[in-house]
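Notes for the structure review
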Amino acid sequence: MSKNENRLNFRMTDETAAKIERWYQVDNCRSKNEFIEKAVNCYADMLAAGESTTLPRAVQSAIDSRLKLFEDRIASLLYKQAVEMDMAMSILLQSLNVSEEVLRQERAKSIAAVKRTNGQLRLEQKLRELESETWQG
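Conventions we followed
Residues numbered from 1 in each chain as written. Predicted model: local features only at pLDDT ≥ 70, side-chain atom pairs only at ≥ 80, totals over all residues. Heavy atoms only, no water. Helix = DSSP H or I, 4+ residues; strand = E, 2+ residues; numbered from the N terminus. Axes fitted to C-alpha atoms, helices over the stretch in contact; angles between N-to-C directions. Parallel < 35°, antiparallel > 145°, perpendicular 65-115°, else oblique. Contact = heavy atoms within 4.5 Å. Nonpolar A, V, L, I, M, F, W, Y, C, P; charged D, E, K, R; others polar. Buried < 20%, exposed > 50% of the residue type's maximum accessible area, 1.4 Å probe, protein only.

Mapped onto the secondary structure, alanine 17 falls in helix α1 (residues 14-26). A C-alpha to C-alpha distance of 57 Å links alanine 17 and leucine 78, two positions 61 residues apart in sequence.

Phi at asparagine 28 takes a positive value of approximately 60°, unusual for a residue other than glycine. Assignment of secondary structure puts asparagine 28 in the loop between α1 and α2 (32-48). At asparagine 118, a residue that is not glycine, the phi angle is positive and equals roughly 55°. Among the secondary structure elements, asparagine 118 is positioned in the loop between α4 (100-116) and α5 (123-136).

What follows is about the packing of α1 against α2. Between α1 and α2, whose axes approach to 9 Å, the crossing angle comes to 95°. By the angle class used here, α1 and α2 are roughly perpendicular. Where α1 abuts α2, its residues Ile20, Glu21, Trp23 and Tyr24 lie against Lys32, Phe35 and Ile36. Along the lines of polarity and charge, the residues of the contact of α1 with α2 split into five nonpolar, no polar and two charged.

Now for the side chain of threonine 117. Here threonine 117 is to be found in the loop between α4 and α5. On the basis of relative accessible area, threonine 117 is assigned to the buried category, the value being 18%.

Laid out in structure tokens, this is it:
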């Protein structure tokens, strides 16, 4: 098979010609033809990789599976924490006689405290707040 059988007539815009002229030397290509061949192969490989435009399919699949494991682990931990909190609240409410009005007031205070501390509320801070309320009230 002769080299002429693999020739391709390619009409390009002036902008594309300028890009090729500039970048084939930057890419250390010996010729514009080599640069165009590398560009076509790169683009074809990207299309073959599917939806992922930057990572090979195997790498994207590995990342996705690790993220799924991480999500499952976080969900499991949050579920266990919710069960423990429910148990603690049930025991606490069984031992105290608290009205709904008091619960609403405490919820409002808690929401304000969490917003004020950007979710970084600590038990020590809450204790100091309660102590300062006792001294003031």
